[in-house]
Structure formats: structure tokens, C-alpha cells
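Report on the structure
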Amino acid sequence: MIKQIVQYIVVFILVGTTSFFLHQFLLPDDNLSFNRLLQEAYIFHFIFSLSVIVTFKLFSKNEKFFAQLGFIYMGTLVFKIAAYTAMCYPQLMGDQYLPRFYRASLLIPVFVFLGLEVFFVSKILERR
């Protein structure tokens, strides 16, 4: 089990850093305030998604929790979206000026780490 958790961490680090640097490379200019916000978004999703996967891996060993993991995942997904929206509320909702391109760009880390989450959660649920 420890070996699988280490593999999850390595995959998250590789995919997350590759996506982050590619994302920064493809941005049209060097807006320092946006780059900091983008970095915070990647770190938030990295930590949250990895903690969800590790927790699910640990809970999958307990039969009582395993039957409810799908419902627990739905709840964590809603909580993650709410927490991310609260974190980036001024930029996402237009309280601070940010062009639409950059607002939409803040959603890329959501989809990158959501894809990893769904892949690993489905693998954990399949193994049982």
C-alpha cells in the first residue's frame, strides 16, 4: 500500500509540474500577479486531490467505509469546488479585473487534477 501511495505522489508531481510549466509557457505575457494566483491554484488542487486519493486508499481497506466511498467522493468534490471558488472568488467573479482568458485559464488546474482524481478513485474502487 505504501508503494502505491508513493506512485500516486510521483504521478501527481510529474503531471502537476509539467502542466504548470506548460501552462506558464503558453501564457501570452508575464503577469506576475496572475502567475502567483496560478501557482496557488495548482498547489491547492495538488494538495487537495492527493489527500483525497491517499484518504480513499486508506479507507478502501475498511469494508464499512468502502461501501460509501462513492458518496464520500461526491461530497469532497462539492467541497473542493466551493473551497476553490472561495479562494479565487474576486478573480473568478469579476470583483478584481482579470480578462476572461485568464479567468478561464484558472480552470485548467481544476480539470488536470480532476482527471487524475477520477482515474485513481476509479482504480481504487475497481480493485475491490
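Just so it is clear, the structure is predicted and the values come from calculations on it, not from any experiment.

Quick look at the side chain of histidine 23 now. Along the chain, histidine 23 turns up in helix α1 (residues 2-26). Take histidine 23: its relative accessible area is 8%, and that puts it in the buried class. In contact with histidine 23, not counting residues within four places along its chain, are Leu38, Tyr42, Ser105, Ile108 and Pro109.

Core analysis: the largest hydrophobic core is formed by 29 residues, its most contacted members being Phe12, Phe34, Leu38, Ile53, Phe56, Tyr84 and Leu106. Among the secondary structure elements, those contributing two or more residues to this core are α1, α2 (32-59), α4 (69-87) and α7 (108-127). Per-element tally for this core: the top contributor is α2, with 11 residues.

Per the stated rule, a full pass over the model turns up 2 salt bridges. For the salt bridge of arginine 36 with glutamate 40, the shortest nitrogen-to-oxygen distance reads 2.8 Å. In this pair, arginine 36 and glutamate 40 both sit in helix α2, 4 residues apart, roughly one turn of the helix. With relative accessibility at 48%, the residue arginine 36 sits in the partly exposed group. Glutamate 40 sits in the partly exposed class, given a relative accessible area of 33%. Two residues, glutamate 117 and lysine 80, come together in a salt bridge whose shortest N-O distance is 2.6 Å. Residue glutamate 117 is located in helix α7, and its partner lysine 80 is located in helix α4; the two are separated by 37 residues in the primary sequence. Just as glutamate 117 is buried, lysine 80 falls in that class too.

On to the packing of aromatic side chains. Inspection of the entire model under this criterion finds 16 aromatic pairs. An aromatic cluster of three or more residues is present, and its members are Tyr8, Phe12, Phe20, Phe21, Tyr42, Phe46, Phe113, Phe119 and Phe120.

Definitions and cut-offs
- Residues numbered from 1 in each chain as written.
- Predicted model: local features only at pLDDT ≥ 70, side-chain atom pairs only at ≥ 80, totals over all residues.
- Heavy atoms only, no water.
- Helix = DSSP H or I, 4+ residues; strand = E, 2+ residues; numbered from the N terminus.
- Buried < 20%, exposed > 50% of the residue type's maximum accessible area, 1.4 Å probe, protein only.
- Contact = heavy atoms within 4.5 Å.
- Core = buried A, V, L, I, M, F, W, Y, C linked by side-chain atoms within 4.5 Å.
- Salt bridge = Lys/Arg side-chain N within 4 Å of Asp/Glu carboxyl O.
- Phe/Tyr/Trp six-rings, centres within 6.5 Å; stacked < 30°, edge-to-face > 60°.

These values are about where atoms sit, not about what they do.
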